[in-house]
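So the chains spell out like this:
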Amino acid sequence: MTHEHRARRFGVEALTRVEGEGGLIVEVHEGELVDVRLRIFEPPRFFEGFLVGRDYTEPVDITARICGICPVAYQMSACHALEAVCEVEVDDALRALRHLLYCGEWIESHVLHIHLLHAPDFLGYANGIALAADHRAEVERGLRLKKLGNRIVEVVGGRAVHPVNVKVGGFYSTPSVAAMQDLADELRQGLEAAVDIARWVSTFPMPDHEMPEGTVLVSLRHPTEYPILGERLVSTTGLDISADEYLDHFTEEHVEHSTALHGRMLAGGDYLVGPLARFVLNADRLAPQAASLAAEFGLTPAERNPFKSIIVRAIETVHACEVALGIVEGYSPPARTAVPVTPRAGAGCGWSEAPRGLLWHRYELDDAGRVVSAHIVPPTSQNQPSIEHDLAHLIEHSLHLDDAALEALCEQAVRNYDPCISCATHFLDMRVVRS
Amino acid sequence: MTAAPQVTVIAIGNPYRRDDGAGGAVLTALGARFGDDERVRLVELDGESVRLVQAWEGSTTVWIVDAVRSGRPFGSFHEIDATCLADLDDTGARLGGGHLLGLGEAVELATVLELLPPRLRVLGVEGETFENGEGLSESTRRGVESAANFLIAEVSAALLDP
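Predicted, not measured: the structure shown is a model, and the values here were computed from it. (Residues numbered from 1 in each chain as written. Chains lettered and ligands numbered in written order. Predicted model: local features only at pLDDT ≥ 70, side-chain atom pairs only at ≥ 80, totals over all residues. Heavy atoms only, no water.)

Colleague: Looking at this model, I keep getting lost on the overall build of chain B. Mind explaining?
Modeller: Scanning chain B from terminus to terminus reveals five helices and six strands. Counted from the first residue to the last, chain B has its helices and strands arranged as β-α-β-α-β-β-α-β-α-β-α. Taking all 162 residues of chain B together, 54% fall into the buried category. Contacts in chain B between residues at least 24 apart in sequence constitute 81% of all its contacts with a sequence separation of at least 6. Put simply, chain B shows about 7,100 Å² of open surface, and 51% of that area lies on carbon and sulfur atoms. (Helix = DSSP H or I, 4+ residues; strand = E, 2+ residues; numbered from the N terminus. Buried < 20%, exposed > 50% of the residue type's maximum accessible area, 1.4 Å probe, protein only. Contact = heavy atoms within 4.5 Å. Areas by Shrake-Rupley, 256 points an atom, 1.4 Å probe, with all protein chains shown as cover.)

Colleague: Sorry if this is basic, but what is going on with the pairing of strand 3 (residues 61–69) of chain B here?
Modeller: A regular strand places its side chains so that they alternate between the two faces of the sheet. All names here are of chain B. Among the nine residues that make up strand 3, eight are buried, leaving the element largely enclosed by the rest of the structure. Sheet topology places strand 1 (residues 7–12) next to strand 3; five bridges connect them, and they run parallel. Bridging across to strand 3, Val 7 finds its partner in Thr 61. Relative to strand 6 (residues 119–126), strand 3 is paired through eight bridges, and the arrangement is parallel. For Asp 66, the partnering residue across the bridge sits in strand 6 and is Gly 124. (Pairing = 2+ DSSP bridges.)

Colleague: Hey, could you run me through the side chain of His 118 of chain A in this one?
Modeller: Residue and element names in this part refer to chain A. Locating His 118 in the fold gives a position in helix 5 (residues 92–123). Taking relative accessible area as the criterion, His 118 reaches 0% and is therefore assigned buried. At a separation of 3.1 Å, a polar atom in the side chain of His 118 contacts the main-chain carbonyl oxygen of Gln 412. The contacts of His 118, once residues within four sequence positions are left out, are His 113, Ile 310, Gln 412, Arg 415 and Asn 416. (Polar contact = N/O pair within 3.5 Å; in protein donor to acceptor, adjacent residues only side chain to side chain.)

Colleague: Would you take a moment to explain the environment of Ala 335 of chain A for this structure?
Modeller: Inspection of the secondary structure assignment puts Ala 335 of chain A in the loop between helix 12 (309–329) and strand 12 (346–354). For Ala 335 of chain A, a relative accessible area of 86% translates into the label exposed.

Colleague: Looking at this structure, I do not really get the nonpolar core. What am I missing?
Modeller: Nonpolar side chains in soluble globular proteins tend to be buried together. Membership of the largest hydrophobic core comes to 148 residues, with the highest contact counts inside it found for Ile 10, Trp 56 and Ile 64 of chain B. For this core, the element with the highest residue contribution is helix 5 of chain A, accounting for 14 residues. In contact with Ile 64 of chain B, other than residues within four places in its own chain, are Ile 10, Ile 12, Leu 52, Trp 56, Leu 103, Leu 120, Arg 121, Val 122 and Leu 123 of chain B. Within the second largest apolar cluster, 23 residues are counted, among which are Val 26, Leu 123, Val 125 and Val 155 of chain B. (Core = buried A, V, L, I, M, F, W, Y, C linked by side-chain atoms within 4.5 Å.)

Colleague: Explanation requested: the pattern of salt bridges in the structure shown.
Modeller: Where charged atoms from two side chains of opposite charge come close, those side chains can pair. Counting across every chain of the model gives 39 salt bridges over all chains. Here Glu 83 of chain A and Arg 98 of chain A are joined by a salt bridge, their closest N and O atoms 2.6 Å apart. Taken together, the residues span a long stretch of sequence, with Glu 83 of chain A in helix 4 (residues 71–85) and Arg 98 of chain A in helix 5 at a distance of 15 residues. Just as Glu 83 of chain A is buried, Arg 98 of chain A falls in that class too. With a shortest N-O distance of 2.9 Å, Lys 146 of chain A and Glu 48 of chain B are connected by a salt bridge. Of the two residues, Lys 146 of chain A is situated in helix 7 (residues 136–157) and Glu 48 of chain B in the loop between strand 2 (40–45) and helix 2 (49–56); the pairing between them involves two chains. Here the two residues Lys 146 of chain A and Glu 48 of chain B agree in accessibility, since each one is buried. Ionic contacts of the salt-bridge type, sharing partners, join the residues Glu 108 and Lys 146 of chain A together with Asp 46, Glu 48 and Arg 51 of chain B into one network. (Salt bridge = Lys/Arg side-chain N within 4 Å of Asp/Glu carboxyl O.)

Colleague: Would you mind showing me how to read the sheet that holds strand 7 (residues 232–235) of chain A here?
Modeller: The strands making up a sheet are joined through hydrogen bonds of the backbone, oriented either antiparallel or parallel. All names here are of chain A. Spatial ordering of the open sheet is given by 8-7-6-11, a layout of four strands whose pairing is mixed. Because the sheet does not close on itself, it has two edges, and the strands there are strand 8 (240–241) and strand 11 (271–272). With two bridges connecting them, strand 6 (residues 216–221) and strand 11 associate as parallel partners. Of the residues in strand 11, the one forming a bridge with Leu 217 is Leu 272. Relative to strand 6, helix 10 (residues 275–282) is tilted by about 70 degrees, and along the sheet it contacts strand 6, strand 7 and strand 11. (Axes fitted to C-alpha atoms, helices over the stretch in contact; angles between N-to-C directions.)

Colleague: How should I be thinking about the interface of chain B and chain A in this particular structure?
Modeller: Bring the parts together and some accessible area is lost; that lost area is often taken as the interface size. Listed per partner, the contact involves 22 residues of chain B and 27 residues of chain A. Carbon and sulfur atoms supply 56% of the area buried between chain B and chain A, which totals about 2,200 Å² over both sides. Between chain B and chain A we count seven salt bridges in total. With its nearest N and O atoms 2.7 Å apart, the salt bridge here joins Arg 51 of chain B to Glu 108 of chain A. Along the contact surface separating chain B from chain A lie nine residue pairs in polar contact (both at pLDDT 80 or more). Looking at the side of chain B that touches chain A, the elements that each hand over two or more residues are strand 2, helix 2 and helix 4 (100–112) of chain B. Ranked by the residues each element gives to the side of chain B that touches chain A, the list is headed by helix 4 of chain B, at four residues. (Buried area = accessible area lost by both parts, 1.4 Å probe.)

See the structure below:
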């Protein structure tokens, strides 16, 4: 076998079942892993430059176009940052509606990823279509739940894709009680489906793997809630900062093989954002049924197997259904649809937890309320260095596999992070070179 | 429970990628004619496969409108049976904006789940530029106008066929 490992290079030319376009190159020399590079080759999106000169009301709708899967995340982070500049705080009732809208997006995104993007890897199918042919009932159950996520976004956000009802300060209009009552009925069924999905996913065969020792996990944190709309940023190394302090601790840098920036900690090292990081740092904030399922599956804050992120996504889906149901059941139309906003010159930062992880925005406005500068840090660019290191760690322990098996394992591992290359630029394609 | 509209027209595209906004522009033109007609659903999507399948569920005639880049003259438009998307691959044609996989997978998924409408057509408007920015090129603007007139006639005809 040794001679087969002397010269080995493999790759995925175009990674599938991730959002966007990108690739992966793995180089192995005489049985030793030499290099792992996640290549991003979609041209960068110049949204930040595109925003300069725009009115302060516009980034909410424009940044929603960065990604079709997580437009609400962009809208919420933009709102938080612009409201910080304008020194505005929304009413509790409006914040609850934002929370509900975001739950809809989490449900949609997580359910899509679980059923059509990632489950095929665990169950041995080439793609979601093949999975649907053999597991039709499970896929149909998932798609019904995804549709409920769409419905929530539509009721609160005005339409299911690229919502149009969100504005700085709140909403253009708020849902009727009747529409919310309909949602409540659907959510009770949806919650049952989410629990069944979580139990189904918990039975998937899990590769035995842990992320490299020392990987720092980073997530938002809220005093009482699981941190969809978190307030502080915390980490497994004890960081506890506000949005304004983000650039004091994190940076982005260019790397040759990617048109997306790579996130780094200024103190040194990579970090990981996303469902597993959120769970590890916020397991005590999960809604009751979600917390109960985590205990049933034996998941604890000590979990470091990135393949189990699919289980965490399923648990977070249950959480989102529980939270959404609570908001909908307690709904009465807010006293006002939005708080008044007067633009002012200055800079402000805001963030939220997109389905894939932390999404940070910073805007600077002039006296007339026009955007002077915009800075957006999406989750996938933050995760890219960690993904590369995790892949290297995985490959080092899996070189006994033939190229096809190794490539399949690597693709499955990349999908643990549900990379959204549309956000980071776009992604995926793989090559292994053994030499 | 309300009955599904007889006809669904789905626009795909991103208005911030210049001519990739052609689908949305066609949809806007259709809105003036069918905006209040309950038999017609007009919806703008990003091309993600599950959303497509769920948007057309229950309709007997479905049109998907998107910008394409196939090498034909800028501003021309073409219609094809969506179930023949593989043929588009063979000729090297691509739907603009990176949506082709989403639509192709939507057709496959709908086939497996028996959610394929009896008539599923794609109307592609040949785009000239897909760079970042707003506003259609002049050729695509003219193409949108012709495509919208064609589609208004097609939808009207479909509504006459119970």
